[in-house]
Structure formats: C-alpha cells, structure tokens
Amino acid sequence: MGCHGRSTNIGVFICIKCSGVHRSLGVHISKVLSVTLDEWTDSQIETMIEVGGNANANAIYEAFLPPHYMKPGQDAAVEERSEFIRRKYEDQEFLKPTLRISSSSSMPMFSSNSKNSLKLHSLGKKTSNKMVGMVEFLGLLKIRVIRGRNLAVRDLRSSDPYVVLMIGQQKTKTHVVKSNLNPIWDEELMLSVPISPAPLKVEVYDKDTFSADDIMGEAEVDLQPLVSSAGIHGNINQEAVQIGKWLATSDNALIKDSIIWLKDGQVKQDVSLKLQNVESGELDLELEWVPLIQ
C-alpha cells in the first residue's frame, strides 16, 4: 500500500489506513502530516533521516514481538489494525521493558515501572543529602563542566567563578577558579535523575571571602530530549551517530542546537549556554546519561 503520511515524532512513513489510527493516538504519541500536502521542515527531514526508515524503527518498536505473532496485513479490519498500532506505540508492548516511555502527557517520559528505576536518597560526596523522603530515579546524569567564556566581573577587575548544578533538591558544585573570566574547570560531577525529569539548573557564582557569593548568571537545561533519546536508542552499540537534538529557541538559553550523540553505547549531549539575568557569560557542558544497573 502506498505511503500517505508520516509520523514526525516517531519517524516512520504510514499508509492512509494506518494514518487514521495514528491520528487518534494524539500528537503526543504520533503527529501525522501528509507527505504531499504538508510542508517538510528541516528538523522533520532530519528526524526521518536519523531514524533511518521504517525497518530501523520496527527493529526498536517490535524488538519483543512474540515469534509467532501475526501482524495485521493491508486488508486487516479496522479493529485489528487499531489494536496492533495502539499496542505497538501507545502501550509500547513490544519494546524492551526498560525502554518503555509513558504517554500520559505531551512530553514523553519513562514509565515508573521501568526496571532501571531505583529508590535513592542522594548521590556522591558533593551531592546535597537534603532529599525529602524517598525519590524514585531513572538513572544518573554525568555533567562535565568544561569552560566559561566572557563571564561577568564581580570583583575589582575579575571574578573567582564556580558553577552550581541542581536537579530538584540535589546540589553539587565545581571548584573555584581564581581571577578568571574565561575559566576552564573540566570537572565531572554527577546527579540522579527522577522519574519525572526536572530541568538541570545551572548557576554561576563569584566566590567571596568576607561576604555572600555574588551571582554571575543562571540557565536551565531541559533533560527530556536526552532521557527520551537514551531510552529509545541507548542500548544500540555502533559508531558515533546523532540520535537527537534540543533546538535553540528564544525560550531557552541555548547558544546553538544541542546535539545528542550515541557512541559505543554511551549517550552524550553537547550543551552551550548563554547565561541569563547577567550582562555577559557563556558556559559549555557535556552531559552523559548513565542507566541504572538492571
């Protein structure tokens, strides 16, 4: 049966019979656009290229399809076709269990019954232990704080900057670099990521000895693109390949689009931030997703 449309967030082409079922799932699961009637944006084209076609998508979404399961053919009844598509994309029944993503909201996120989840308090010597109660986590986030550029002056002619990272009530920080507006930290820190990923909050401060430390800017990093990309692609071991992207817009602090990479089973994201609520300053980070041991 000929191709009628495409699901821009799943990255597959679909026939006219399947497109109706896909539309009924809701755009948070499958956003359907016509191949011939709708315009293709650059990002939509890139998504289709990154997925690599229906065969590659099926290798993920049908990885746990029972051996003798009969997929609906092109002449299948509407009810049979609808049931299969919902089981495949809405319930994600045929995905590896640890990769399943909840579809209960407009932003995809891992299901709370993921085998990768674990109840933890805090993590590491540099992490605050002021967690309230028990929190269920998806995995760990390594943050390499690489460098700052053109940071704000908070002392006479320079500043003594350090970076604070927060997810929820967890907090960790880098060492202080003395008298430097273009500091290189190259320091790796780690925080745990809860089931409903809160943004990574980044704050830069000037260290003062006899008074409160001065703020030198702040920014937020949306972790959802990284978490979702890792959930779908993170178990694939291959050469370096782009598996996702967080787009720079007027609503976030990105200097440029943030690319998510998969290399040798590691999912990493390059992030360049323009610090907010300050006269100047940029910050480069590298994020790495670390799944909890199954």
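Residues numbered from 1 in each chain as written. Predicted model: local features only at pLDDT ≥ 70, side-chain atom pairs only at ≥ 80, totals over all residues. Heavy atoms only, no water.

S.K.: So what's going on with the overall build of the protein? Which residues, and what values?
M.R.: Counting its regular elements, the protein contains 5 helices and 16 strands. Here the protein, with 294 residues, has 46% of them falling under the buried criterion. Summarising the internal contacts of the protein: among those between residues at least 6 apart in sequence, 57% fall at separations of at least 24. Carbon together with sulfur atoms contributes 52% to the accessible area of the protein, which is approximately 15300 Å² in total. (Helix = DSSP H or I, 4+ residues; strand = E, 2+ residues; numbered from the N terminus. Buried < 20%, exposed > 50% of the residue type's maximum accessible area, 1.4 Å probe, protein only. Contact = heavy atoms within 4.5 Å. Areas by Shrake-Rupley, 256 points an atom, 1.4 Å probe, with all protein chains shown as cover.)

S.K.: Let's hear about the nonpolar core: which residues, and what values?
M.R.: Judged by nonpolar contacts, the single largest core of 40 residues is most densely connected at Leu200 and Leu287. Setting aside its immediate chain neighbours within four residues, Leu200 contacts Leu141, Ile143, Leu165, Met166, Ile167, Leu191, Ala219, Glu220, Val221, Leu223 and Leu287. Counting residues in hydrophobic clusters, the runner-up holds 16 residues, among them Val12, Cys15, Leu25 and Ile85. (Core = buried A, V, L, I, M, F, W, Y, C linked by side-chain atoms within 4.5 Å.)

S.K.: Summarise the sheet that holds strand E12 (residues 214–221); cite the residues concerned and give the values.
M.R.: Read across the open sheet, the 4 strands follow the order E9-E8-E11-E12; overall the sheet is antiparallel. One side of each edge strand has no neighbouring strand; the edge strands of this open sheet are strand E9 (170–173) and E12. The sheet shows a mean angle of 20 degrees between the axes of neighbouring strands, direction not considered. Sheet topology note: the strand E8 (residues 161–167)/strand E11 (residues 200–206) ladder contains 6 bridges and is antiparallel. Looking at the pairing, Leu165 lines up with Val202 of E11. (Pairing = 2+ DSSP bridges. Axes fitted to C-alpha atoms, helices over the stretch in contact; angles between N-to-C directions.)

S.K.: I'd love a proper account of the packing of aromatic side chains, names of residues and values included.
M.R.: Counted by the stated rule, this structure contains 5 aromatic pairs. Ring pairing ties together the aromatic residues Tyr69, Phe84 and Phe94, which thus form one cluster. (Phe/Tyr/Trp six-rings, centres within 6.5 Å; stacked < 30°, edge-to-face > 60°.)

S.K.: Can you lay out the side chain of Glu288 for me, pointing to particular residues and giving the numbers?
M.R.: In this fold, Glu288 is placed in strand E16 (residues 282–291). Within the buried set, Glu288 has no salt-bridge partner at all; the shortest N-O distance to an opposite charge, 4.1 Å, is to Lys268. Sequence-distant contacts of Glu288, defined by excluding residues within four places in its chain, comprise Leu140, Leu141, Lys142, Gln266, Val267 and Lys268. (Lys, Arg positive; Asp, Glu negative; His and termini not counted. Salt bridge = Lys/Arg side-chain N within 4 Å of Asp/Glu carboxyl O.)

S.K.: Can you explain the pairing of strand E15 (residues 266–274)? Please cite residues and give values.
M.R.: With 4 bridges connecting them, strand E14 (residues 258–263) and E15 associate as antiparallel partners. Each residue of the ladder has a partner; that of Ile260, found in E15, is Gln269. Connecting E14 to the antiparallel partner E15 that follows it, the hairpin turn spans 2 residues, and Asp264 within it adopts a positive phi of roughly 55 degrees. Two elements, E15 and E16, share 8 bridges in a ladder whose sense is antiparallel. Paired with Leu273 across the strands is Leu283, a residue of E16.

S.K.: Explain the pattern of salt bridges to me, and be specific about the residues and the numbers.
M.R.: Enumeration over the complete set of coordinates arrives at 11 salt bridges. Close ionic contact of Lys88 with Glu62 constitutes a salt bridge, the shortest N to O distance being 2.7 Å. Taken together, the positions of Lys88 in helix H4 (residues 78–90) and Glu62 in the loop between helix H3 (54–61) and H4 put the pair 26 residues apart, joining distant regions of the chain. Residue Lys88 shares its accessibility class with Glu62, and that shared class is buried. Close ionic contact of Asp284 with Arg149 constitutes a salt bridge, the shortest N to O distance being 2.3 Å. Of this pair, Asp284 sits in strand E16 while Arg149 sits in strand E7 (residues 135–149); the two residues are 135 residues apart in sequence, bridging distant segments of the chain. In this structure Asp284 comes out as buried when scored by relative accessible area, which is 8%. Through salt bridges that share partners, Arg147, Arg149, Glu282 and Asp284 make up one connected network.

S.K.: If you had to explain the confidence of the model for the protein to someone new, which residues and values would you point to?
M.R.: Predicted confidence across the protein gives a mean pLDDT of 79, with 78% of residues reaching 70 or more. Mean pLDDT across the elements of the protein ranges from a minimum in strand E5 (residues 109–110), with 34, to a maximum in E11, with 97. Per-residue pLDDT stays below 50 along residues 102–134; that stretch engages in 82 contacts with residues further than four places along the chain or on separate chains. (pLDDT = per-residue confidence, 0-100.)

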